[in-house]
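# Analysis of the macromolecular model
The primary structure of each chain is shown beneath.
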Amino acid sequence: MVASEANRDILNGVPSDAHVVEGFGDPTSSYIHPPPELSSNTSNAVSIAGSNGVYSDALPMQPPPQAPRSTDMSNAILRWDRLTYEVDTKVGKSTNTRVILNEITGQVCAGETIAIIGSSGAGKTTLLNALSGRIVGGRLSGQVLFHGSRRNPGTYKRLTAYVQQDDIMHAMLTVNETLTYASRLRLPNSQYTQSEKSERVASIIKKLRLEGIKNSQIGNAKTRGVSGGERKRVSIGAELLTDPHLLFLDEPTSGLDSNSSQLVVELVKQVARERQIGAMMTIHQPSARIFNTFDKVILLSQGHIVYFGPTATAINYFAGIGYQCPMHENPADYFIDLMTLDFRTEEALAESRSRVVGLAQSFIQYRSKNELADNTTGSHAGEKSELTSVSDALLVEVSPRNSWIFEYKTLVHRDSTNLMRNMTFLLSQGFQSLATALIVGFMFFYLKHDAISVQNRLGVLYVIVLNATFPVVMPSLQAFVQERDIMLRERASAVYRVTTFYVAKATSFIPIALITGIIFILGVYLISHLVFDAGKFFIALGIFACLNIVSVAFMLLIGCSVENIDIAFVIGPAILTLQLLFGGLLANPSTITPVLRWLRWVNPVYYAYAALIRNEFAGMTFDCSSGGQCYENGEQVIETYSMGRFSIWANTLFLLLIAAVYFVGGYAMLRWKIKPKYIWV
Ligand SMILES: Nc1ncnc2c1ncn2[C@@H]1O[C@H](COP(=O)(O)OP(=O)(O)OP(=O)(O)O)[C@@H](O)[C@H]1O
């Protein structure tokens, strides 16, 4: 169905032919000043009147428009109608409803780049999130149509791309590797060969002008890498690999200098035009040049639309309602000042509030006049009713996933490449193991078989257990929480399955824990001379390896359960300390109050320590010739310390059971965390 002209205007905001700006951005040229002469020399013209910011009648007759590239309804990729978002806020005991977005209407067409501009708290990010399907909590109403149909959450997130404000990426990978792994994970093998994927990466690198730095590492706060602008372009590149229909960008210029910002915006616009996709971005105080780059702008104030239409006509629109942008002032700054509430004094607040209300009303009046015209034709309503069903046709277009095993291999490869380059992490782990082995080994140097050695043997075994807890959990916890955040971003675009991520993570952390663990236990065994028997050594190694696996699983459980690393660093050590307290050395398990005694049954440290003690002391005899209190054999030690309840194998089995529970618990927490809580209309 062909939309009416009026309908087109409503959705496109102010019509492109409403006003014309000549030489915009050029200080030597002048802007056109439409009111009030317009009304006098045009037949069906609108004059936009007055300083009270309220429209008068009619439509402007103006010179040919500087039309945005695409305003045809048939080209509309996304349309939103009367989008309203409310949240409940608690004030004391009462609950108030706060309207964050107020009846926002508009559309983005193929090839268009639209900026959402407004002062802080205007609702820019909320609007972007509502349109991209990433809004959580609150109530969303109105209608959003994707290619003329209601959005299907499953397909929508795979056909659109979202570039977050924070570019979280693997610091140690190069630009080329980052995009290559992204292409492997995001592009289906059934449709692309590996060489086609590489070609696509090369073309993105070229398009986003990243050739000069394609072999540079991404870097992070600790390791110098590419610049902020380059990083942003890499993020955009990763999202563009899949040919999304829509590209959403949250503050892509934040933290960038003006040249980098300009480049990012220009490249987005260029890509949007070339690929005929729609691009929408929130932006803070763009320079005049950047402002002029956008095809259209949505100016938001306090959740209300103050202007939506071609960038080129914004100045004249505002001039028409009595706000003439001074010749040499950045229009974006001028509009933001107009839209911002001034909290300095009561009077200033009242004045700015009435100005903002006037601006919003002006736009509402403009829109309602067009809606009225539209209702007389009835075409708009008819079209909407046809468009409310979810499009199944798009389901066909969504690429199939790659196989589980391919995703897993790619993720493990990516993780290990990143990890192998993280020399600080690897060296600190290796050095810590070696240094602790030497210190502990020499502390308990060459243990004898006398009465005193019992205490030392119990001590060294406990240090072995301890070394498989804190030193394994804490460094990997930090690394994992960072990786988890990358996964949450990639999962939002359905890049891979949660299971592949989770299993790949476990697979990449366990070998490091085991290798560093072997260095440690080998050193301690050789120097301190615990029971020098190959069989017993390998059993101890096996028990130690199982405890390491439990620790990795525990790290995953904590890492998947917490919101951020700060909380992880509080909860993790607290639980580990508890485990060590109840591990069997500091207090005899049989003497602990029954209220707390049960804790040992869920304590991996207890099982590992018990197994190590049984392994060490079983069959051992002691030289009691020096007199005093003395254990005659190892069995007496095992019994005195209440460690003989289970066999070595049973203890090890319990350890593995606990590891399994932790693994499953971590996975459940991760799934729960990423379970879509987004609300849709
Ligand atoms: N779920 C929510 N609950 C309560 N308040 C919310 C919620 N979502 C958004 N807000 C509030 O709505 C307002 C708009 O938020 P939004 O993040 O969209 O602003 P913004 O224009 O992007 O601001 P900035 O430029 O500072 O990021 C803010 O005052 C914010 O605190």
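Conventions adopted
Residues numbered from 1 in each chain as written. Predicted model: local features only at pLDDT ≥ 70, side-chain atom pairs only at ≥ 80, totals over all residues. UniProt positions renumbered as here; feature names shortened; annotations may be inferred. Pairing = 2+ DSSP bridges. Helix = DSSP H or I, 4+ residues; strand = E, 2+ residues; numbered from the N terminus. Near = placed C-beta within 6 Å. Nonpolar A, V, L, I, M, F, W, Y, C, P; charged D, E, K, R; others polar. Buried ≥ 20, exposed ≤ 12 C-beta atoms within 10 Å, placed from the backbone. Axes fitted to C-alpha atoms, helices over the stretch in contact; angles between N-to-C directions. Parallel < 35°, antiparallel > 145°, perpendicular 65-115°, else oblique. Left-handed = near helix turned anticlockwise from the far one by under 90°. Contact = placed C-beta atoms within 7 Å. Arc of directions from axis to C-beta. Right-handed = clockwise from strand over helix to strand, strands pointing away.

The protein chain is annotated in an unreviewed UniProt entry as ABC transporter domain-containing protein from Coemansia guatemalensis. Recorded in UniProt for the protein chain, the comment headed Subcellular location (unreviewed entry) runs: "Membrane".

## Focus: the sheet that holds strand β5 (residues 149-150)
Strand pairs in the sheet, formed through backbone hydrogen bonds, run parallel or antiparallel to each other. The four strands are arranged β2-β1-β4-β5 in an open sheet whose pairing can be described as antiparallel. Every other strand in the sheet has two partners, leaving β2 (94-109) and β5 as the edge strands with one partner each.

## Quick notes on the site of the ligand
Near the ligand, the surroundings consist of 15 residues, among which Ser-120, Gly-121, Lys-124, Thr-125 and Thr-126 are the closest. Put simply, the parts of the chain that give the shell around the ligand at least two residues each are β1 (76-91) and α3 (124-132). No other element matches α3, which puts three residues into the shell around the ligand. Here the residues of the shell around the ligand sort into three nonpolar, eleven polar and one charged.

## A short note on unusual backbone geometry
Despite not being glycine, Arg-82 has its phi angle at roughly 50°, a positive value. Within the secondary structure, Arg-82 sits in strand β1. Here Glu-251, not a glycine, exhibits a phi torsion of approximately 45°, which is positive. Turning to its location among the elements, Glu-251 is positioned in the loop between β7 (246-249) and α8 (258-275). For Glu-251, a count of 19 C-beta atoms within 10 Å puts it in the partly exposed group.

## Overview of the pairing of β7
Here β7 shows two buried faces, one formed by Leu-246 and Phe-248 and the other by Leu-247 and Leu-249. The sheet contact formed by strand β6 (residues 160-163) and β7 spans four bridges and is parallel. Pairing of Val-163 across the sheet is with Leu-249, part of β7. Relative to strand β8 (residues 278-283), β7 runs parallel, the two sharing four bridges.

## Digging into the packing of helix α5 (residues 175-186) against helix α6 (residues 194-207)
Put simply, α5 and α6 touch, their axes get as near as 9 Å, and they point 135° apart. Classified by the angle between their axes, α5 and α6 sit oblique to one another. Of the two elements, α5 crosses α6, and the hand of that crossing is right-handed. Each of Asn-176, Leu-179, Thr-180, Ser-183 and Arg-184 in α5 lies in contact with α6, whose residues at this interface are Lys-197, Ser-198, Arg-200, Val-201, Ile-204 and Ile-205.

## Quick notes on helix α11 (residues 331-339)
Turning to α11, its buried residues number three or more, namely Pro-331, Ala-332, Phe-335, Ile-336, Leu-338 and Met-339. Viewed end-on, α11 has its buried residues packed into an arc of 160°, placing them on one side of the element.

## Re the sheet that holds strand β10 (residues 304-310)
Taken together, the six strands give an open sheet; going across it, the order is β6-β7-β8-β3-β9-β10, and neighbouring strands pair in mixed fashion. The sheet is open, and its two edges are formed by β6 and β10, each paired on a single side. Direction aside, the axes of adjacent strands within the sheet are offset by 15° on average. Helix α7 (residues 228-240) rests against β6 and β7 of the sheet, and its axis sits at about 165° to β6. Sitting on the sheet, helix α10 (residues 311-320) touches β9 (296-301) and β10, and the angle it makes with β10 is about 125°.

## Overview of the UniProt feature "transmembrane region" (unreviewed entry) in the protein chain
Sites flagged by UniProt as "transmembrane region" (unreviewed entry) map to residues 424-447, 459-481, 502-525, 537-560, 567-587 and 648-670. The span residues 459-481 is 91% helical and 0% strand by assignment, and the distance between its end C-alpha atoms comes to 33 Å. A helix fraction of 100% and a strand fraction of 0% characterise residues 537-560, whose end C-alpha atoms lie 34 Å from each other.

## Considering the pairing of β8
For β8, a buried count of six out of six residues is recorded, marking the element as mostly surrounded by other parts of the structure. Side chains of β8 alternate between two faces, with Gly-278, Met-280 and Thr-282 and Ala-279, Met-281 and Ile-283 buried alike. Two strands pair when backbone bridges link them, and strand β3 (residues 113-118) and β8 are joined in this way by five bridges, in the parallel orientation. Within the sheet, the bridge partner assigned to Ile-117 lies in β8 and is Ile-283. As for the winding sense of the linkage, the β-α-β connection from β7 through α8 to β8 is right-handed.

## Observations concerning the environment of Val-356
Within the secondary structure, Val-356 sits in helix α12 (residues 346-377). You can call Val-356 buried: it has 22 C-beta atoms within 10 Å. The sequence separation of Val-356 and Leu-341 amounts to 15 residues, and the corresponding C-alpha distance is 7.6 Å. Dropping the residues within four chain positions of it, Val-356 is found in contact with Ser-301, Gln-302, Met-339 and Leu-341.

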